[in-house]
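Breakdown of the fold
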Amino acid sequence: QVQLVESGGGLVQAGGSLRLSCAASGRTFSTYPAGWFRQAPGKEREFVAAISWGGSTYYADSVKGRFTISRDNAKNTVYLQMNSLKPEDTAVYRCAAGSKFRGPPTRWEYEYNYWGQGTQVTVSS
């Protein structure tokens, strides 16, 4: 079992920045991939970014160059640094823990078996 708790969401103006954190407890988290997903009102959940246990990363085209995913395995925490935020980034952001030991970063939801509750990010224009 893995418990994931996100923090760092909030209200920010367009062009601003936020850093989300995802703290994990339970099963060893550091040797599994982790990802961030988001869901805006009335829309399906979409992939944002993922990171492997070794630090390889993978981004959705919509956030590439603006968002950075990272992890601190000693703290069992994954981060999402979000810069140059746009109103269309408004969503509930959830982190997820991958199911494949030492697996690659992945955009596919079925590759993740633990999810956090989410944190709201609102970007005003």
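Preceding this section is the structure that the text describes.
Everything in this summary refers to the structure shown in the same document.

About the criteria used
- Residues numbered from 1 in each chain as written.
- Predicted model: local features only at pLDDT ≥ 70, side-chain atom pairs only at ≥ 80, totals over all residues.
- Heavy atoms only, no water.
- Core = buried A, V, L, I, M, F, W, Y, C linked by side-chain atoms within 4.5 Å.
- Buried < 20%, exposed > 50% of the residue type's maximum accessible area, 1.4 Å probe, protein only.
- Contact = heavy atoms within 4.5 Å.
- Helix = DSSP H or I, 4+ residues; strand = E, 2+ residues; numbered from the N terminus.
- Pairing = 2+ DSSP bridges.

Our focus in this paragraph is the nonpolar core. Judged by nonpolar contacts, the single largest core of 35 residues is most densely connected at Leu4, Trp36, Leu80, Met82 and Tyr93. Apart from residues lying up to four places away in sequence, Tyr93 is in contact with Glu6, Leu20, Trp36, Phe37, Arg38, Val48, Phe67, Leu80, Met82, Gly118, Thr119 and Val121.

Turning to unusual backbone geometry, a few remarks are in order. A positive phi is found at Ser84, a non-glycine position, where the angle reads about 50°. With phi around 55°, Arg102 is a residue other than glycine that occupies positive phi space. Tracing the backbone through its elements, the reader meets Arg102 in the loop between strand E9 (91–98) and strand E10 (112–115). The exposure class assigned to Arg102 is partly exposed, which follows from its relative accessible area of 47%.

Once that is clear, we can look at the pairing of strand E3 (residues 18–26). Inspection of the sheet shows strand E1 (residues 2–7) paired to E3 by six bridges, in the antiparallel sense. Across the sheet, residue Glu6 finds its bridge partner in E3, namely Cys22. The pairing of E3 with strand E8 (residues 77–82) spans six bridges and is classified as antiparallel. Bridge assignment links Leu20 to a residue of E8, and that residue is Leu80.

The analysis is restricted to geometry; functional conclusions fall outside its scope.
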